[in-house]
Amino acid sequence: MTGLDRRDFGLVIHSYWIRRERPLLPDFSSVSDPVAFLRLAADLGLAGVQTAIGNLTPVQTLELQRLQDATGCYIEGIVRLPTTESDIERFEHEMICSQKAGATIVRSVCLSGRRYEIFKSREDWKEFLNQSWKSLQWAESIAAKLGMVLAIENHKDFRVDEMLDWLNRLSSAHVGVCLDTGNNVALLEEPNAVINELGPWTKSTHLKDVGVQRCDEGFLLNEVPFGAGCVDVRQALELLRDKAPAARWNIEMITRPPLVVPCNLNEYWVTFDREADTERFARFQTWLAEHEWKGTFSLMESLDHRQQLELEQANIDRCLQYE
């Protein structure tokens, strides 16, 4: 692969988790609406953004269109899947707003949280699977009607085989994957194996690197700048270029405390077949030992608000400087 530059990458709004959610300091520009976020991305020399469009006014929509024309940047939307038949209208409205703003690809998730934290029984998991299948069918119908593409993120919910199952059943040109290169580590799946399997279905990406470190409960999982963690980012890009040549590379670098993945505890295995996964768990433990983060993850709690904002931007900048 030849050299990379900033125009190879877009940026996901979640990369500015701190700047978006907490009060700004005077010398930090806003990312609170799509126009402000796209303007910031353009100023950083990026190719585009992925963000929630929401209910823009006609004036805001026009401003966003003009900014895209002026900068050559793209925009991808973020929407919530419909959860009931009465929610389909809301979903369609969000899709139309995204389309009017210039998005042809919109990202969503089936589960907003983490599988091993949310579900307390197999019955709860099965109910989620049934609901997700209904939501995906409703969403596919709307995406097809509008001629748009819905990219569903692997969001610490489905393992690869489970995601491929519903993708094949749905079998739609209007629904694919927003491939996150780090999330499935939390489900004991290695990054490159995930890219190999989901790559042909990939319509968009959340490109990230993650650090892993063993602990009593299982392991810590923390997003880190490109090149610092266990995801071989250059190899991931090679695979994506081969498997999904049309997919954009959107950086998602969330600066936050590490997540605990409690795979040593029984509660983690409620939605899995632990006995059948014995070999998988053993393989992952070997991989984990080989890729373990040797340092100390950033102690976010010890930083004041300005330091957190500065660290967030520094982590994004390090990703953009990756070669």
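Look a little higher up for the structure.
These figures come from a predicted structure and were not determined experimentally.

Engineer: Residues and numbers for the pairing of strand 6 (residues 175–180), please.
Structural biologist: The buried count for strand 6 comes to 6 of 6 residues, which makes it a mostly enclosed element. As judged from the 4 bridges shared by strand 5 (residues 149–153) and strand 6, these two strands associate in the parallel manner. When the sheet's bridge partners are listed, Ile152 is paired in strand 6 with Val177. Between the parallel elements strand 5 and strand 6, the chain passes through helix 7 (residues 160–170) in a crossover that is right-handed. Sheet topology note: the strand 6/strand 7 (residues 202–206) ladder contains 4 bridges and is parallel. Within strand 7, the position partnered with Asp180 by the bridge is His206. Once the chain exits strand 6 it traverses helix 8 (residues 191–198) before rejoining the sheet at strand 7, and the crossover so formed is right-handed.

Engineer: So, empty space enclosed by the protein: which residues are in play, and what are the values?
Structural biologist: Summed over all chains, the structure comprises 1 cavity of 30 Å³ or more. Put simply, the largest cavity is a space of about 60 Å³. What lines the largest cavity is simply Lys156, Gly182, Asn183, Lys208, Val210, Leu221, Asn222, Glu223, Arg256, Pro257 and Leu259. Among the elements that make up the lining of the largest cavity, the one with the highest residue count is strand 9 (residues 219–224) (3 residues). Looking at the lining of the largest cavity residue by residue, the classes come out as 4 nonpolar, 3 polar and 4 charged.

Engineer: Tell me about the environment of Glu140, residues and numbers included.
Structural biologist: Within the fold, Glu140 resides in helix 6 (residues 122–146). With relative accessibility at 18%, the residue Glu140 sits in the buried group. As a C-alpha pair, Glu140 and Leu150 span 10 residues in sequence and 7.5 Å in three-dimensional space. Excluding anything up to four places from it in sequence, Glu140 contacts Leu170, Ser172, His174 and Val175.

Engineer: Would you mind going over the sheet that holds strand 9 in detail, with residue names and values included?
Structural biologist: One open sheet holds the 3 strands; their spatial order is 8-9-11, and the pairing between them is antiparallel. The strands lining the two open edges of the sheet, one partner per strand, are strand 8 (209–214) and strand 11 (259–261). For this sheet the average axis-to-axis angle between neighbouring strands, irrespective of direction, equals 30°.

Engineer: Residues and numbers for the packing of aromatic side chains, please.
Structural biologist: Both the distance between ring centres and the angle between the ring planes are used here to describe each pair of aromatic rings. Here the structure, examined in full by the defined rule, presents 18 aromatic pairs. On the numbers, 5.2 Å between centres and 45° between planes, the contact of Phe119 with Phe128 is tilted. Residue Phe119 shares its accessibility class with Phe128, and that shared class is buried. Aromatic ring contacts, followed pair by pair, group Tyr116, Tyr268, Trp269, Phe272 and Phe281 into a single cluster. For the cation-ring pair, Arg248 lies above Tyr74, with the distance from its terminal atom to the ring centre recorded as 4.0 Å.

The rules behind these values
Residues numbered from 1 in each chain as written. Predicted model: local features only at pLDDT ≥ 70, side-chain atom pairs only at ≥ 80, totals over all residues. Heavy atoms only, no water. Buried < 20%, exposed > 50% of the residue type's maximum accessible area, 1.4 Å probe, protein only. Helix = DSSP H or I, 4+ residues; strand = E, 2+ residues; numbered from the N terminus. Pairing = 2+ DSSP bridges. Right-handed = clockwise from strand over helix to strand, strands pointing away. 1 Å grid on protein atoms, 1.4 Å probe; cavity = no way out; pocket = protein on both sides within 12 Å on 5 of 7 lines; lining within 4 Å. Points joined across faces, edges and corners; volume = space filled by probe spheres on them. Nonpolar A, V, L, I, M, F, W, Y, C, P; charged D, E, K, R; others polar. Contact = heavy atoms within 4.5 Å. Axes fitted to C-alpha atoms, helices over the stretch in contact; angles between N-to-C directions. Phe/Tyr/Trp six-rings, centres within 6.5 Å; stacked < 30°, edge-to-face > 60°. Lys NZ or Arg CZ within 6 Å of the ring centre and 35° of its normal.

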